[in-house]
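Descriptive structure summary
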Amino acid sequence: MDLKKQIALDLEHILSEDLNYEQIYNLLEVPKDSTHGDYSFPVFSLAKVYRKAPNMIAEDLAEKFNSENYEKVVPVGGYLNFFLIKENVSKDVLKVILEEKNHYGDSDEGQHRGVPIDLSSPNIAKPISMGHLRSTVIGNSISEIFEKMGYNPIKINYIGDWGTQFGKLIVAYKKWGNEEAVKANPIHELLELYVHFHEVAETDPELEEQGREWFKKLEDGDEEAVELWKWFREESLKEFQRIYDMLGISFDSYNGESFYNDKMDRVVKMLEDQDLLVADKGADIVNLDKYDLNPALIRKSDGATLYLTRDLASAFYRIENYDFVQALYVVGNEQAIHFKQLKAVLKEMGHDWSDNIHHVPFGLITQGGQKLSTRKGKVILLEEVLNEAVSSVRSQIEEKNPTLENKDEVAHQVGIGAVIFHDLKNDRLNSFDFNLDEIIQFEGETGPYVQYTRSRCESILAKANWTLDQNVPLSLDDVDSWEVVKTLNNFPNKVKEASIKYEPSVIAKYVIELAQKFNRYYSKHKILAEDEKQPARLALVYATSVVIKESLRLLGVQSPDKM
Ligand code: ARG
């Protein structure tokens, strides 16, 4: 039940001649100070029509409201303030959550329609960067949110597994490589080889030529070249997999750039047939002047295809195989132009479904205010960061709760959760600073704080030997539970908002607020006191636990029952 909607409908009855439902709904606001009511309706926009001072209008309207839906409706200045009936609303809200449990907030809006989500997409033989980490956790969360909204998200890890660099890598490996070393530490070793190649190539230009030759061989399907490339790819993927396993994130497809090798000719041919391809200094381009964009480079003078050409092929693949209502690309903001060009070329080709392609950009992670450079060995760094988070949490647990069972598992859930939560609580376009010590605190606006709040709920329920029963009295009327109830009631709206904005931070901020409000309630009320309100208080604890757990799940963060 959307409380705002209910008020808007009631207002519509009275105001329908002057304002429509939509306008009323958008005007309704939540007062900063809740002693001014649960919702407030500004009447200023009616002053012209009614030719009256706003405070008069508010008074008149208040009189017309004798609805039993409200405790009171009070005119204050140019506002009409609504006070809901706590007993009724708390009962209704708790009843729904007790019934629906983790399905509370589910929607069928998406009608199971496909939403491919391009996420993570690191480049093989190179370390996963912090940017790829962001793409992974943001994309994963958006996928969970879309699933809850009833869509069918398809998580695609569009691995960067093709390009001239593989020719160079093959040359370097054949000259200086060592199979055992690559197996033991693939990305580190391959990166060393690649770096060494460039060092030597500076004085020996012959090497670049060899690199080109080997890439040509690879493109022509030469057995040795393909074998080596496959092996580099596999070893890299294995290493990436370790990080994905730690994060608890999986993918529906690993179709990366190489998957489109045989699917680009068709795109080029379509562009030719539509007379969209223009020769320009030996290369082929699509003019995008009318979109205020630089021309899209489709084919280089040596016939080689480009990043954009592959993405065109992959867009066709996605519309044809997933029949998408939306296709999302969770990729750093620095690639904004690339995705604009992608959409523009498709639009030029007459494909209106290009309007449903959305680049979902995000900002950088910095450290001490500095941009993180892609230093070599970063993949190990990333793993180190995750491991460090886990071990710091492990020692905090040792201090706070030495008798806890399965400490290692909990430390993992909390440590990894802390890193993910920190990434997602910021608006995705903001850059943010990475400071591990802050991230893993059990106090403040952190993942561990939220997880801890839920484990507190679970321990209260365990102490009370609580079992689910919808038929107990569920009414609450104190101001602290009221804040929790209203927040719980807001969850479905927040899920929807997060899906519209592609913004997991909506959920992260929401669950922080819920945890804070619950903790205020907890500190002021004796939840376990044996009086007639006890069942309702415990139901509130249960509902809070359910919604925290579900919110965290949407973020890709686990919820240990005890910590
Ligand atoms: N591999 C690319 C990179 O690391 C990201 C790929 C993003 N996805 C895409 N469909 N272009 O920059």
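Remember, predicted model here, so these are calculated numbers, not experimental data.

Here we come to the environment of Ala-313. Following the sequence through the fold, Ala-313 ends up in helix α13 (residues 307-322). Note: C-alpha distance between Ala-313 and Ser-90 (223 residues apart in sequence) is 53 Å.

What follows concerns the UniProt feature "domain: DALR anticodon binding" (unreviewed entry) in the protein. When the UniProt feature table is mapped onto this chain numbering, "domain: DALR anticodon binding" (unreviewed entry) sits at residues 450-563. Taken as a whole, residues 450-563 contains 69% helix and 0% strand, while its terminal C-alpha atoms sit 11 Å from one another.

All right, on to the sheet that holds strand β8 (residues 296-299) then. The three strands lie next to each other as β6-β7-β8, forming an open sheet whose pairing is antiparallel. Sheet topology places β6 (277-280) and β8 at the edges, where each strand pairs with a single neighbour. Along the sheet, successive strands turn relative to each other by an average axial angle of 45°, direction set aside. Of the strand pairs in this sheet, strand β7 (residues 283-286) and β8 are connected by three bridges, and their pairing is antiparallel. Looking at β8, one finds that Ile-285 is bridged to Leu-297. On top of the sheet, helix α12 (residues 264-273) reaches β6, β7 and β8; it is set at about 115° to β8, its chief contact.

Bringing the site of the ligand into the picture now. Neighbouring residues of the ligand: Asp-118, Ser-121, Pro-122, Asn-123, Tyr-158, Gly-160, Asp-311, Tyr-329 and Val-331. Its residues assigned to classes, the shell around the ligand shows four nonpolar, three polar and two charged.

Not every positive phi belongs to a glycine, and Ser-121 is a case in point at roughly 50°. For Ser-121, the location among the structural elements is in the loop between β4 (114-118) and α6 (130-148). One non-glycine residue, Lys-281, lies in the positive phi region at around 45°. Its place among the elements puts Lys-281 in the loop between β6 and β7.

Taken domain by domain, the protein comprises domain 1 (3-84) and domain 2 (114-276 + 305-360). When each unit is reduced to the centre of its C-alpha atoms, the spacing between domain 1 and domain 2 is 54 Å.

The rules behind these values
Residues numbered from 1 in each chain as written. Predicted model: local features only at pLDDT ≥ 70, side-chain atom pairs only at ≥ 80, totals over all residues. Helix = DSSP H or I, 4+ residues; strand = E, 2+ residues; numbered from the N terminus. UniProt positions renumbered as here; feature names shortened; annotations may be inferred. Pairing = 2+ DSSP bridges. Axes fitted to C-alpha atoms, helices over the stretch in contact; angles between N-to-C directions. Contact = placed C-beta atoms within 7 Å. Near = placed C-beta within 6 Å. Nonpolar A, V, L, I, M, F, W, Y, C, P; charged D, E, K, R; others polar. Domains from an automatic or database assignment.

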